[in-house]
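Structural characterization, general
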Amino acid sequence: MNPQAKLISTMSLLLGTSITISSNHWMTAWIGLEINTLAILPLISKTHHPRAIEASTKYFLTQATASTLLLFASMINAWFSGQWDITQLTHPMSCVLSTIAISIKLGLVPFHFWFPEVLQGSTMTTCLLLTTIMKFPPITLFYLASPSLNSTLLTLMAITSTALGGWMGLNQTQTRKVLAYSSIAHLGWMTIILNYDPNLTLITFYLYTVTTSAIFLILNTTNTLKLSTVMTTWTKIPSLTTIFMLTLLSLAGLPPLTGFLPKWLIIQELTKQELTSTATAISLLSLLGLFFYLRLAYCATITLPPNFTNYMKQWQTNKPTNPLTTIFTSLSIMLLPLSPMMLTIS
C-alpha cells in the first residue's frame, strides 16, 4: 500500500474517532463515524485478495446500514423533542432504533454476522484496529445515551452475545475468527452493565483493548493464522509463547490476571442491583469462552507437533519484537493489584 495513502487513512481514522468521542451532537457524531468507515476500507482491502474485497464490501454495507439507522433515529428524536443532544434521547422509537444501530456497528448478537467474516479477510494489523479503535466511538455513544436506552433489550442482547460468542468460538480453527467471537462475547459483558454503571463498561473496554492488542501483536510477530501453526511457534520465540499463554488466560478472565478485574466488578455490581440470576447466567456462559482460550493456550505451549521424518522445525526468528507487545502483555498480566487506584480514577 502506498505510504501516503496509508498515512491519510490512519490520520482519518484518528480524526473520525476523535470527532465522535468528543461530540455531544448527533450530527457531528455521525460525521465522525462516517469518516471512520471510509478510512478503514482501504486498510481492509489493501491486500487485493478476493477475500479482502469481500470483507471490505460486507463492512461497508453493514456500517452504511447502521449509520442510516442512527441518523434516522436522531432525526426522529429531534423532530419530536427539538433536541440534537446525545444525552437527551427521549422518544421511545429513537431509543430502540439507536440501540439497534449502535449494536450493528459493534457486532452484538443478532447483528454479529459481519464481524467474523470481515476479520477473516483482513490482515492482523487491520483486525487489531477493527476490534479496538473502531469499537471505541460506538461504545462512547452507548455510554452517553445509556440513561435513555432500553435495559431489557440490552440485557437480552448481552446474554445472547456472550452465549453465541462462546458457543461459535468452540468450532473455529482460524485464530482471527476465534478472536472475533471472543470480541462478541466480551461485548456482551460490556453491554449488560451499561444501564447500571456505565463507567464499568468503559473500564471493561479499556482492559479488553489492552489484552486483545497484546494477543494480536504476538500473533503478528509469530505470523500465526491457524491453530495448526500455533503448535509450531514455540521454536520461534519460546518466551513470547509463554507470555501468549498468560495473555490468553487473562482474556479468559482468570485470577490473578488483569482480565479478572472487569468480570469481578460486573458480577459484583449486578449482585448489588439484585440481578443475581443474570450474573449467574453470564458467568456460566463465559465458561464456553474459557474452553477455547484454554485450547489456544494448550496448542501454543503444551502440544508438540507431529514429528515426521520430513518435518522441519522453524528456526528462532530474527524479527525484532515490537516494543508495544512488551507494554501490552505486561499490562494484560499484571494490572490486577492496581485495581483500587483504577476504581478511584474512574
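Here goes a summary of the coordinates provided. (Residues numbered from 1 in each chain as written. Predicted model: local features only at pLDDT ≥ 70, side-chain atom pairs only at ≥ 80, totals over all residues. Heavy atoms only, no water.)

Quick notes on the state of the cysteines
Disulfide: a covalent bond connecting the sulfur atoms of a pair of cysteines. Considering all chains together, one arrives at zero disulfides under this definition. Summary of cysteine pairing: Cys-127 is not part of a disulfide, and the nearest cysteine sulfur, belonging to Cys-299, is at 19 Å. (Disulfide = S-S within 2.5 Å.)

Observations regarding the layout of surface pockets
Using a probe with the size of a water molecule, rolled over the atoms, empty space left in the structure can be pinpointed. For the second largest pocket, the calculated volume is near 190 Å³. Around the second largest pocket sit Lys-6, Thr-10, Leu-13, Leu-14, Leu-43, Lys-46, Thr-125, Thr-126, Leu-129 and Ile-133, which together line it. Within the residue set of the lining of the second largest pocket, elements represented by two or more residues are helix H1 (3-21) and helix H6 (124-131). Taken together, the residues that form the lining of the second largest pocket break down as five nonpolar, three polar and two charged. (1 Å grid on protein atoms, 1.4 Å probe; cavity = no way out; pocket = protein on both sides within 12 Å on 5 of 7 lines; lining within 4 Å. Points joined across faces, edges and corners; volume = space filled by probe spheres on them. Helix = DSSP H or I, 4+ residues; strand = E, 2+ residues; numbered from the N terminus. Nonpolar A, V, L, I, M, F, W, Y, C, P; charged D, E, K, R; others polar.)

Concerning the environment of Trp-30
Looking at the secondary structure, you find Trp-30 in helix H2 (residues 26-44). Between the C-alpha atoms of Trp-30 and Ile-19, which are eleven residues apart in sequence, the distance is 9.2 Å. When residues no more than four places from it in sequence are discounted, the contact partners of Trp-30 are Ser-67 and Leu-71. (Contact = heavy atoms within 4.5 Å.)

As for the nonpolar core
Judged by nonpolar contacts, the single largest core of 69 residues is most densely connected at Ile-40, Tyr-59, Leu-130, Leu-141, Phe-142 and Phe-244. Setting aside residues no more than four positions away along its own chain, Leu-141 makes contact with Thr-20, Trp-26, Ala-29, Leu-33, Leu-70, Ile-86 and Ile-102. One finds Ile-192, Ile-193, Leu-261 and Ile-266 within the second-largest nonpolar core, a separate group that totals 15 residues. (Core = buried A, V, L, I, M, F, W, Y, C linked by side-chain atoms within 4.5 Å. Buried < 20%, exposed > 50% of the residue type's maximum accessible area, 1.4 Å probe, protein only.)

Here we look at the packing of aromatic side chains
Applying the stated criterion to the full structure yields seven aromatic pairs. Members of the aromatic cluster, each reached through a chain of ring pairs, are Tyr-59, Trp-114 and Phe-115. Across the ring face of Phe-115, the terminal group of Lys-135 is positioned such that the distance to the ring centre comes to 4.0 Å. (Phe/Tyr/Trp six-rings, centres within 6.5 Å; stacked < 30°, edge-to-face > 60°. Lys NZ or Arg CZ within 6 Å of the ring centre and 35° of its normal.)

A few points about the pattern of salt bridges
Once their charged atoms are close, side chains differing in charge can pair, the charge on each being opposite to the other. Under the defined criterion, the tally for this structure stands at two salt bridges. With a closest N to O distance of 2.8 Å, Lys-58 and Glu-54 form a salt bridge. Highlighted residues: Lys-58 and Glu-54, both in helix H3 (residues 50-81), separated by four residues, approximately one helical turn. Of the residues examined, Glu-54 reaches a relative accessible area of 38% and is grouped as partly exposed. (Salt bridge = Lys/Arg side-chain N within 4 Å of Asp/Glu carboxyl O.)

Regarding the environment of Pro-42
Here Pro-42 is to be found in helix H2. Measuring from C-alpha to C-alpha, the distance between Pro-42 and Leu-336 comes to 38 Å, with 294 residues separating the pair along the chain.

Quick word on the packing of H2 against H3
At a minimum axis separation of 10 Å, H2 and H3 run at an interaxial angle of 175°. Taken together, H2 and H3 sit at an angle that is classed as roughly antiparallel. On the side of H2, the interface is formed by Trp-26, Met-27, Trp-30, Leu-33, Glu-34, Thr-37, Ile-40, Leu-41 and Ile-44, while H3 contributes Ala-52, Ala-55, Ser-56, Tyr-59, Phe-60, Gln-63, Ser-67, Leu-70, Leu-71 and Ser-74. Of the residues that constitute the contact of H2 with H3, the class distribution is 13 nonpolar, five polar and one charged. (Axes fitted to C-alpha atoms, helices over the stretch in contact; angles between N-to-C directions. Parallel < 35°, antiparallel > 145°, perpendicular 65-115°, else oblique.)

Points about unusual backbone geometry
For the bond from Val-109 to Pro-110, the omega torsion is 10°, close enough to zero to count as cis. Structurally, the position occupied by Pro-110 is in the loop between helix H4 (92-106) and helix H5 (114-120). With a phi angle near 55°, Asn-223 is a residue other than glycine that sits in the positive phi range. Inspection of the secondary structure assignment puts Asn-223 in the loop between helix H10 (198-222) and helix H11 (227-230). A relative accessible area of 59% means that Asn-223 is categorised as exposed. Its identity as a non-glycine residue notwithstanding, Glu-274 has a phi of 60°, on the positive side. Of note, Glu-274 is situated in the loop between helix H13 (260-272) and helix H14 (276-301).

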